[in-house]
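Listed below are the residues making up each chain.
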Amino acid sequence: MSSRCALTATGLATLPGNSDPVEEVDALPEGTLEQQEEQAMVQKVQGVISRAKDAPVELVTILVPDPGPGEAVVKVQACGVCHTDLHYKVGGIGDDYPYLLGHEAAGIVEAVGDGVTDVAPGDFVILNWRAVCGSCRACLRGRPWYCFDTHNAKQKMTLEDGTELSPALGIGAFIEKTLVAAGQCTKVDPATPATVAGLLGCGVMAGLGAAINTGGVTRGDSVAVIGCGGVGDAAIAGSRLAGAAKIIAVDTDQRKLDWAREFGATHTILASEGDVVEHIQAATGGFGADVVIDAVGRPETWKQAFYGRDLAGTVVLVGVPNPTMTLDIPLIDVFGRGGSLKSSWYGDCLPSRDFPVLTDLYLQGRLPLDKFVSEEIALTDIESAFDKMHRGDVLRSVVLL
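Just so you know, these numbers come straight off a predicted model, no measurement behind them.

(A) Molecular detail of the packing of aromatic side chains. In total, this model carries eight aromatic pairs according to the counting rule given. Ring centres of Tyr97 and Tyr99 lie 4.8 Å apart, and the angle between their planes is 70°; this geometry places the pair in the edge-to-face category. With a centroid separation of 4.3 Å and an interplanar angle of 15°, the aromatic rings of Trp129 and Tyr346 are classed as stacked. Of this pair, Trp129 sits in the loop between strand S8 (124–127) and helix H3 (137–140) while Tyr346 sits in the loop between strand S18 (340–343) and helix H11 (351–363); the two residues are 217 residues apart in sequence, bridging distant segments of the chain. The rings of Tyr88, Tyr97 and Tyr99 are connected pair by pair, giving a single aromatic cluster. Lying across the ring of Phe306, Arg337 places its NZ or CZ 6.0 Å from the centre.

(B) Up close: the pairing of strand S19 (residues 373–377). Of the strand pairs in this sheet, S19 and strand S20 (residues 396–400) are connected by four bridges, and their pairing is parallel. For Val373, the partnering residue across the bridge sits in S20 and is Arg396. One crossover worth recording links S19 to the parallel S20 by way of helix H12 (residues 382–391), and it is right-handed.

(C) A look at the environment of Val217. Inspection of the secondary structure assignment puts Val217 in the loop between helix H5 (203–214) and strand S13 (222–226). Its relative accessible area of 7% is what places Val217 among the buried residues. Considering only alpha carbons, one finds Val217 and Arg240, 23 residues apart in sequence, at a separation of 9.2 Å. Not counting residues up to four positions away in its chain, the partners in contact with Val217 are Ala211, Ile212, Val223, Ser239, Ala242, Ala244 and Val291.

(D) The arrangement of the pairing of strand S14 (residues 246–251) in detail. Counting buried positions along S14 yields five of six residues, so the element is predominantly enclosed. Tracing the backbone out of S13, into helix H6 (residues 230–242) and back to the parallel element S14 gives a crossover that is right-handed. Handedness of the crossover is the feature at issue here: the chain leaves S14, passes through helix H7 (residues 254–263), returns alongside strand S15 (residues 267–270), and the resulting connection is right-handed.

(E) Just the sheet that holds S18, in detail. Spatial ordering of the open sheet is given by S15-S14-S13-S16-S17-S18, a layout of six strands whose pairing is parallel. One side of each edge strand has no neighbouring strand; the edge strands of this open sheet are S15 and S18. Strand after strand, the sheet turns through a mean of 15° between neighbouring axes, direction not considered. Strand direction decides the pairing type here: strand S16 (residues 289–294) and strand S17 (residues 309–317), joined by five bridges, are parallel. When the bridges of S17 are listed, Val292 appears paired with Val315.

(F) Layout of the nonpolar core. The biggest cluster of nonpolar side chains holds 49 residues, and the ones touching the most others in it are Leu200, Val204, Leu208, Ile236, Ile293, Phe355 and Leu369. With six residues, the single largest contributor to this core is H5. The residues contacting Leu208, other than those within four sequence positions of it, are Leu200, Asn213, Ala234, Ala235, Ala237, Gly238, Leu358 and Leu367. Residues Leu86, Val112, Val119 and Ala173 belong to the second largest nonpolar core, which totals 46 residues.

(G) Broad picture of the sheet that holds strand S3 (residues 42–50). A sheet is described by the order of its strands in space; here five strands give the open sequence S9-S4-S3-S6-S10, paired in mixed fashion. Strands with a single pairing partner mark the edges of an open sheet, and in this sheet they are strand S9 (158–159) and strand S10 (166–167).

(H) Here's a closer look at the pattern of salt bridges. Following the criterion strictly, the structure yields twelve salt bridges and no others. In this structure, Lys177 engages Glu110 in a salt bridge whose closest nitrogen and oxygen atoms are separated by 2.6 Å. Of this pair, Lys177 sits in strand S11 (residues 177–181) while Glu110 sits in strand S7 (residues 104–112); the two residues are 67 residues apart in sequence, bridging distant segments of the chain. The exposure class of Lys177 is buried, given its relative accessible area of 15%. The partner of Glu300 in a salt bridge is Arg298, with the nearest N and O atoms 2.6 Å apart.

(I) Geometry of helix H8 (residues 276–283). Where H8 is concerned, the buried positions are Val276, Val277, Ile280 and Ala283. On an axial view of H8, the arc spanned by its buried residues comes to 130°, and they lie on one face. Turned more than 90 degrees away from the buried face of H8 sit Glu278 and Ala282, all of them exposed. Where H8 starts, the residue carrying a side-chain oxygen 3.0 Å from the main-chain nitrogen of Val277 turns out to be Asp275. Within two residues after H8, Gly285 carries a phi angle of roughly 70°, on the positive side.

Thresholds, definitions, all that
- Residues numbered from 1 in each chain as written.
- Predicted model: local features only at pLDDT ≥ 70, side-chain atom pairs only at ≥ 80, totals over all residues.
- Heavy atoms only, no water.
- Phe/Tyr/Trp six-rings, centres within 6.5 Å; stacked < 30°, edge-to-face > 60°.
- Helix = DSSP H or I, 4+ residues; strand = E, 2+ residues; numbered from the N terminus.
- Lys NZ or Arg CZ within 6 Å of the ring centre and 35° of its normal.
- Pairing = 2+ DSSP bridges.
- Right-handed = clockwise from strand over helix to strand, strands pointing away.
- Buried < 20%, exposed > 50% of the residue type's maximum accessible area, 1.4 Å probe, protein only.
- Contact = heavy atoms within 4.5 Å.
- Axes fitted to C-alpha atoms, helices over the stretch in contact; angles between N-to-C directions.
- Core = buried A, V, L, I, M, F, W, Y, C linked by side-chain atoms within 4.5 Å.
- Salt bridge = Lys/Arg side-chain N within 4 Å of Asp/Glu carboxyl O.
- Arc of directions from axis to C-beta.
- Polar contact = N/O pair within 3.5 Å; in protein donor to acceptor, adjacent residues only side chain to side chain.

The structure is reproduced here in structure tokens:
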């Protein structure tokens, strides 16, 4: 049983330190003690699901069990609307419907299960979708950001009829309260507004990490970022934070190039006007950029990144290609240009290391997370937010709960 409630001879009693009122019952219902505990430890909350491929999202009642060993229930305060959620909705990731959408979130830990020591009820946390195991070959070699055995909550949230839900990226945060593995909760300074803190849970961290962690951008470097949505703009912000001398933004949408300037781009290239590689070379003395980040994830943009970098430069792929895409490039070009060709998984971040540092930088005024928030919306507005995102009208819509 969790630390939130206790089953007594007369019903549920609030434990010390918990201010939430819990309904008392006059007598125990029939059945085993285990059945009674299970019944007592389920909460009904509202959340948004995708029931079938391409079907409109639905706001429904969801049953959230109390946390078991190694788990936590988090009261979600804010959750960003990410392209990954749209990919789940349209069937681009799998077919394990119904999906509980949302994953880019922050909130307050309400209850924890047995064995949880890193977080406690009342902690303000950012949710992450890579809870490291600590024991796989990557973790044992001191590279936990590559963890090959990340984990989620073992229990399932369900609909009222018992249908099990598949939480997006193992989180599911378009919901009033969610059940996660405790390792998916990273405690940060509660002075950070939830509206911006949650963005570090996915897209913004992916972009920042692509520049700083994967790309190794450092002071004096020249950087080009192809694709200036939320992830690309975060890569621009990360490059600026790292001290890059030139930051070149590339996109087909002039609006997005204007936004990129706000995050630190020193040069902009409208991809529809001329050869992108030639433009990048022209902005870097004819050589190409030290680091080129592909935040789109298409064969044509990756080739632009490959040929738009300097000799021995670095290409970072952070945009996610679909499974049908292939790449055709002369192997001699790979050898002859040298350097590094990298993929960035979640910005190669370690949440316990990176989230507190980045929220501190935000509170110091050095990381403009507020600029990513285009609008604040309700749970009932998510379908509309998907439409705006698809049209490129927003960087991030953020759901407030």
